[in-house]
Amino acid sequence: MSSDNTSRGAMEASPTRSLWDNPRSTWKEQLPEREHFRDPNVTDAALREAVLKDDKQTLEFATPITAEALTFTFG
Amino acid sequence: VLGPASLDFRKFDPSKELVGLPNCGEPGFHAGYLTSYLLDLKVTNVLEEQQYFDLDYLSEFAAFYGTSARGYSNVCRRRHFFSGDVLNRALFQAAAGGDATAIDELHKNYLGFVVIRPTPAASFGRTVLRWYEDLNPNLPRVTTPSRPYVCHVAGTTLTVDGLAWQQQDQAVSACATVALWTMLHSSAFDDSHAHAIPKIADIARYAHRSVSMGKKAFPASGLNAFQVCGAIAECGLTPDLSVGSVRVPDLAPGFSPSQFAASCAMLIRSGYPALLGGELISGQQRTLHAVTAVGFRQCAPPASTPGQADLQDGAVTTFYIHDDNIGPNARFELTSEPGAAPGSRYVLLKRAAPAERFTGSHGYDGTIGRYHAFRPTHIVAALPDPLRLPPATLQRHALKVARGLAKGTANTLGFSVSCRLVHLTAFFEAELAKLFESAPARLASVRMALAETVAPMSLYLGVIRIGIGDQPVLDILVDTTDSDRLHPAFCHIVHDKRMVALCEGLQNAGAYDFGAKIDAF
């Protein structure tokens, strides 16, 4: 996963927005110039595996809550 | 018996307006922080209601102070703060008489209010202050939970946008009670017909109603995670609890920077403040504490990395936090420390004041360079009852689908991903209007297609926005009323026609059902 500031730095040189603050009127002509995004050589099984399997990144959002975590007293 | 008292108009004196008031806990933190904050808002004048019945304090009085042998008063003072150099009795009197120019001057310069409680150990009651001016319009702060607060003084209406904060008094409220109270003020609950903002004494009672653990509600001595969730449930809302996944030697797990940033940002974008439980760290000393994250500064979106799905908000580093040890909207920076596993890191939040906007303002703020680092271990949100899909599950599904889309390009493209929980009406109206602000024909066709070609949708939508860099290419609208399996989406709105075949590829392979297709290119 490359969600660090280094990989984002290149984009900060020009005015950039978030996905939620970027109306169509401000879209830049920067998307990849190609006719299709879909590569027909990728198999159905590979697509299913990519979507249905968990990895380290997705499992971060499925951390089980232990009984001990519930007893922490904040105050 | 109370007698009448005149309204008091005076210049703001930073050395004694708030600083002279008694505090509890770290001496000077609250008064100094609030003084510094107001100076940076360019405060000049104060209007004080010398006798003010504050409903929150009255609930505390009824629950605790009214039966104390110390004979506390039930009357507060409320101080309103103004910038500019125009506030005086004559201007206010003109506004009270309906003079439109005077009313406009008051509104333009109104910065918010602080309720001063008559309790010597914790003076600062309900406080709402305006956000200071946003100097980065391209990557603006996200402060969705903020709401308008309307004050009425002598028939004149004053309005400020913010989110309420108050100091814990250790009698009716502890830090977690105050954090919950702030959270339940959120604008996101305005459309919930059953929702009324609970008073702080009510929250303390709710927390002990089903999970008292043999403790009395008053005097307050902190709430555990069970009680925090129980209090939310007693308010008719759904608690959502997440814990960190990064192991830390001898301590509770912490959050990885990207997990923490994306989780908090998603909640705040959706209008739900994030209650953070964790530890204040001072040398070897650790104290459990709770605060509420109410805003954040957006980060640049990820550059497209071939084959990867990156979280739009995974690199957010600036959060604005209501900390009952400090004050409202305190700016913190996300830093990280190495975890137990090689290469892992966990989040540490450090107080990082913004640059001074008024020379000398920082001199009053005792937290700068002194306030402890905070290590979050728990994130709690309060969500409307019909919303069953946990926010973390939506993030997980979004990452999987985006990863599948990247795979479908033979890993030659990467996508940025962001999620929000949005009221159906808000998506139809504000969200689509913003996206298609200069394309009314397309806006109309998308709205009509959503109304006529998609099966009935849930009141709250999970919206997965997928982009390349900062440009949206696909929205997926997800049901929030079912179980947390990867159910078919209601529909997808395609912003780039090259995404059509890619989505069809995943759909035909049985990887994901995107639901009805709406063309928006």
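Residues numbered from 1 in each chain as written. Chains lettered and ligands numbered in written order. Predicted model: local features only at pLDDT ≥ 70, side-chain atom pairs only at ≥ 80, totals over all residues. Heavy atoms only, no water.

## Brief notes about the confidence of the model for chain B
(1) Moving on: Taken over all residues, the pLDDT of chain B has a mean of 93, while the share at 70 or more is 98%.
(2) Moving on: Taken over the whole predicted complex, pTM reads 0.94, whereas the ipTM for its chain interfaces reads 0.87. (pLDDT = per-residue confidence, 0-100.)

## Quick look at helix α12 (residues 498–508) of chain B
(1) Moving on: The set of residues buried in α12(B) consists of Arg498(B), Met499(B), Val500(B), Leu502(B), Cys503(B), Gly505(B) and Leu506(B).
(2) Moving on: In the core, the buried residues of α12(B) are packed alongside α2 (44–52) of chain A together with α9 (391–408), β20 (415–423), β22 (471–479), β23 (491–494) and β24 (516–519) of chain B.
(3) Moving on: Once α12(B) ends, the next one or two residues include Gly510(B), with phi positive near 80°. (Buried < 20%, exposed > 50% of the residue type's maximum accessible area, 1.4 Å probe, protein only. Helix = DSSP H or I, 4+ residues; strand = E, 2+ residues; numbered from the N terminus. Contact = heavy atoms within 4.5 Å.)

## Some thoughts on the packing of helix α5 (residues 175–183) of chain B against helix α7 (residues 225–234) of chain B
All names here are of chain B.
(1) Moving on: Closest axis-to-axis distance for the α5/α7 pair is 11 Å, and the angle between their directions is 35°. Note on packing geometry: the crossing formed by α5 with α7 is right-handed. Note on element contacts: α7 touches α5 through Val228, Ala231 and Ile232, opposite Ala176, Leu180 and Met183. (Axes fitted to C-alpha atoms, helices over the stretch in contact; angles between N-to-C directions. Left-handed = near helix turned anticlockwise from the far one by under 90°.)

## With respect to the state of the cysteines
(1) Moving on: Under the criterion given, the structure shown has 0 disulfides over all chains.
(2) Moving on: As a non-bridged cysteine, Cys491(B) has Cys503(B) as the owner of its nearest cysteine sulfur, 12 Å distant. (Disulfide = S-S within 2.5 Å.)

## Points about the interface of chain A and chain B
Where the parts come together, the accessible area they lose is often given as the size of the interface.
(1) Moving on: Contact residues are listed per partner, giving 57 residues for chain A and 97 residues for chain B.
(2) Moving on: Regarding the contact of chain A and chain B, the summed buried area is about 6900 Å², with carbon and sulfur atoms giving 60% of it.
(3) Moving on: Summed over the shared surface of chain A and chain B, the number is 4 salt bridges.
(4) Moving on: Measuring nitrogen to oxygen at the nearest pair gives 3.7 Å for the salt bridge that ties Lys400(B) to Asp54(A).
(5) Moving on: Our count for the chain A to chain B interface comes out at 30 residue pairs in polar contact (both at pLDDT 80 or more).
(6) Moving on: Taken together, the elements giving at least two residues each to the side of chain A that touches chain B come down to α1 (5–12), α2, α3 (56–59), α4 (67–70) and β1 (73–74) of chain A.
(7) Moving on: Here the side of chain A that touches chain B gets 7 residues from one element, more than from any other, and that element is α2(A).
(8) Moving on: Taken together, the residues of the side of chain A that touches chain B sort by class into 24 nonpolar, 15 polar and 18 charged. (Buried area = accessible area lost by both parts, 1.4 Å probe. Salt bridge = Lys/Arg side-chain N within 4 Å of Asp/Glu carboxyl O. Polar contact = N/O pair within 3.5 Å; in protein donor to acceptor, adjacent residues only side chain to side chain. Nonpolar A, V, L, I, M, F, W, Y, C, P; charged D, E, K, R; others polar.)

## Some remarks on the sheet that holds β24(B)
Residue and element names in this part refer to chain B.
(1) Moving on: In space, the 6 strands of this open sheet follow the order β15-β20-β21-β22-β23-β24, with mixed pairing throughout. The sheet is open, and its two edges are formed by β15 (309–311) and β24, each paired on a single side. The sheet shows a mean angle of 25° between the axes of neighbouring strands, direction not considered.
(2) Moving on: Taken strand by strand, helix α8 (residues 257–269) contacts β15 and β20, and its axis lies near 35° from that of β20.
(3) Moving on: α9 rests against β15, β20, β21 (460–468) and β22 of the sheet, and its axis sits at about 145° to β20. (Pairing = 2+ DSSP bridges.)

## So, the sheet that holds strand β1 (residues 8–11) of chain B
Residue and element names in this part refer to chain B.
(1) Moving on: Ordered in space as β1-β2-β3-β4-β5, the 5 strands form an open sheet in which the pairing is antiparallel. Bordering the open sheet on either side are β1 and β5 (124–129), each of which pairs with just one other strand. In this sheet, neighbouring strand axes are inclined to one another by 20° on average, regardless of whether the strands run parallel or antiparallel.
(2) Moving on: Bridge analysis of strand β3 (residues 76–83) against strand β4 (residues 110–116) gives 6 bridges, and the strand direction is antiparallel. The partner of Phe81 across the bridge, within β4, is Gly112.
(3) Moving on: The strands touched by helix α4 (residues 100–109) are β3 and β4; relative to β4, the strand with the most contacts, the crossing angle is about 70°.

## Thoughts on the packing of α9(B) against α12(B)
All names here are of chain B.
(1) Moving on: It is at 10 Å that the axes of α9 and α12 come closest, and there the two elements cross at 110°. Taken together, the axes of α9 and α12 lie roughly perpendicular to each other. Facing α9, whose interface residues are Val401, Gly404, Leu405 and Gly408, α12 presents Met499, Leu502, Cys503 and Leu506.
(2) Moving on: Class assignment for the residues of the contact of α9 with α12 results in 6 nonpolar, 2 polar and no charged. (Parallel < 35°, antiparallel > 145°, perpendicular 65-115°, else oblique.)

## Remarks on the packing of aromatic side chains
To describe a pair of aromatic rings, one takes the distance between the centres and the angle between the planes.
Residue and element names in this part refer to chain B.
(1) Moving on: Scanning the model with the defined rule gives 17 aromatic pairs over all chains in all.
(2) Moving on: Ring geometry for Phe189 versus Tyr272: centroids 5.8 Å apart, planes at 45°, classification tilted. Of this pair, Phe189 sits in the loop between α5 and α6 (200–209) while Tyr272 is found in the loop between α8 and β13 (274–282), placing the two residues 83 residues apart along the sequence.
(3) Moving on: On the basis of relative accessibility, which here comes to 2%, the residue Tyr272 falls in the buried class. (Phe/Tyr/Trp six-rings, centres within 6.5 Å; stacked < 30°, edge-to-face > 60°.)

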